[in-house]
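# Descriptive structure summary
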Amino acid sequence: MKKGIWLAIGAYFAWGVLPVYWKWLENVPALQIIGHRIIWSFVLLVIILSASRQWRAFRSAALSRRVVLIYLASAVLLTLNWLTYVWAVNAGFIIETSLGYFINPLLSVLLGMIFLHERLRPWQYVPIALETVGVIYVAISYGAFPWIALTLAVTFGLYGLVKKTAPLGSLYGLTLETGLVFLPAAAYLLIMDRSGQGAFLHTSLSQNLLMIGTGVITTVPLLMFASAAKQIPLSMVGVLQYMAPTLQFLLGLYVYHEPFFPSLLIGFCFVWTALIIFWGEGFFNGRKKKVPEGPEVSEVPEVPEGPEVSEVP
C-alpha cells in the first residue's frame, strides 16, 4: 500500500503544480495548447497500447456505437474543462481555478443525487448548503460571477457523471477521448499554421518541446493515479485529491502573487468548512457501520457517498 500512497501523492503533486507548466507556455494561445495536448496525448497513448500489446483489446472494447457516443460526450466536456483551465491559468486566475476544483467533489455529489438518484445522509446536506452559500457570497461580494470556478466544477462534474456509465478503464478511456477529438484538433492547428498564426515550429526550441511535452504531463500522472487507485483505499484517495487544488491555490497566492480579496477568503472558508464536514461525516459514519459479526468477518468502512475521484485537471 505504501507504493500506492506515493503514486497517488506523485499524481496529485503533478496536477497541483501544473499551472507552472502552462505559465511556461503563456505566449501560446490556450486553444492551440489544448490542440497539442490532445494530439500528443493520443500519440503517446497509442504508443503505450502498442508497446504493451493492448491495441487489439482496446479496439475490441472501445469501437462500438454506444461506447463511442459515451466517450464523445466525455471528450467534449474534458476539452472544455482543459481549455477553461489553461486559459484561466495564463490569464492570472489560478486561485479561482483552485476554487473550482475544491467545489467539484460536492457538486459531483449533488449531480449524483439528481441524475443517479443517490441518497444522501442528513448531515451531507449541510456541506452542500455551506458550499452554495460560499459561492453566492463570492459572486456578490467579489463583484463578479465566479464563472471560471463554476465552469471548471460543472464541466468536470458532468464529465465524472458521464464516466459513471462508461465501461472503459482510465487508459482506454483517455485514449478513446483524445482519439475522438484528434482530427478536429489537428485540423485547427493546421489552419492556424497555414494562416501564419501557428506557434508550433515557429517559436523557440524550448517552446516546441513544451508543446510536445503536454502529452507526457497529461498521461503520466493519469497512469500513476490509475495504479495508485488499485492499491490504496478510495477513502485515502479522496483525502489526497485536495492536495492538487491546495497546491494550485498556494501557487497563485505566493508564487504568482494574484490578488486575494477578503470576499474570496470568506468564500473559500465556507467551501473548506463544507469539505471538512463532508469528509468528517463520512469518516464517523464509516466507523459506526464497522460492526464485526464474528472472528472471520470484518466489514470495510463505508466510503462517503460522492463522486469518483477526479482524474485529469
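Everything here concerns the structure above.
Keep in mind that what you see is a predicted model, and the values were worked out from it rather than measured.

Cut-offs applied
Residues numbered from 1 in each chain as written. Predicted model: local features only at pLDDT ≥ 70, side-chain atom pairs only at ≥ 80, totals over all residues. Heavy atoms only, no water. Helix = DSSP H or I, 4+ residues; strand = E, 2+ residues; numbered from the N terminus. Contact = heavy atoms within 4.5 Å. Areas by Shrake-Rupley, 256 points an atom, 1.4 Å probe, with all protein chains shown as cover. Expected span 1.5 Å × (residues − 1). Phe/Tyr/Trp six-rings, centres within 6.5 Å; stacked < 30°, edge-to-face > 60°. Lys NZ or Arg CZ within 6 Å of the ring centre and 35° of its normal. Core = buried A, V, L, I, M, F, W, Y, C linked by side-chain atoms within 4.5 Å. Buried < 20%, exposed > 50% of the residue type's maximum accessible area, 1.4 Å probe, protein only. Axes fitted to C-alpha atoms, helices over the stretch in contact; angles between N-to-C directions. Left-handed = near helix turned anticlockwise from the far one by under 90°. Nonpolar A, V, L, I, M, F, W, Y, C, P; charged D, E, K, R; others polar.

To continue, consider the overall build of the protein. Summing up its helical and strand segments, the protein has 14 helices and 0 strands in all. Going from N to C terminus, the protein has its helices and strands arranged as α-α-α-α-α-α-α-α-α-α-α-α-α-α. A separation of at least 24 residues holds for 85% of the contacts in the protein among residues at least 6 apart in sequence. For the protein, the accessible area works out to roughly 15,300 Å², and carbon and sulfur atoms hold 70% of it.

Let us now look at helix H13 (residues 243-255). Relative to the 18 Å expected for 13 residues at 1.5 Å per residue, H13 spans 17 Å between its end C-alpha atoms, a close match to the ideal helical length. One or two steps after H13, the chain reaches His257, where phi turns positive at roughly 50°.

This paragraph deals with the packing of aromatic side chains. Counted according to the given criterion, the structure contains 22 aromatic pairs. Ring plane angle 50° and centroid distance 6.0 Å describe the contact between Tyr21 and Trp24, whose orientation is recorded as tilted. Residue Tyr21 and its partner Trp24 are both found in helix H2 (residues 18-24); the two are separated by 3 residues, about one turn of the helix. By way of ring pairs, the aromatic residues Phe102, Tyr242, Phe249, Phe260, Phe268 and Trp272 are connected into one cluster. The ring of Tyr256 carries the charged tip of Lys23 above its face, separated from the ring centre by 5.1 Å. Here the basic side chain of Arg37 rests over the ring of Trp82, its NZ or CZ set 4.0 Å away from the ring centre.

Here we come to the nonpolar core. Side chains of a nonpolar character, in soluble globular proteins, are inclined to be buried together. Of all hydrophobic cores here, the largest spans 46 residues; its most connected members are Tyr21, Trp22, Leu25, Tyr71, Tyr85, Leu168 and Leu176. With 11 residues, the single largest contributor to this core is helix H5 (residues 65-90). Listed in part, the 24 residues of the second largest apolar core include Leu99, Ala153, Tyr242 and Leu253.

Moving on to the packing of helix H1 (residues 2-16) against H13. Running from N to C, H1 and H13 point in directions that differ by 35°, and their axes come no closer than 7 Å. Both H1 and H13 take part in a crossing whose hand is right-handed. Here H1 contributes Ile9, Tyr12, Phe13, Trp15 and Gly16 to the contact with H13, which in turn contributes Met243, Ala244, Leu247, Gln248 and Leu251. When the residues that make up the contact of H1 with H13 are grouped by side-chain class, the tally is 8 nonpolar, 2 polar and no charged.

Turning our attention to the environment of Glu26. Within the secondary structure layout, Glu26 lies in the loop between H2 and helix H3 (30-51). A relative accessible area of 46% places Glu26 in the partly exposed class. As for Glu26 and Val89, which are separated by 63 residues in sequence, their C-alpha atoms are 8.7 Å apart.

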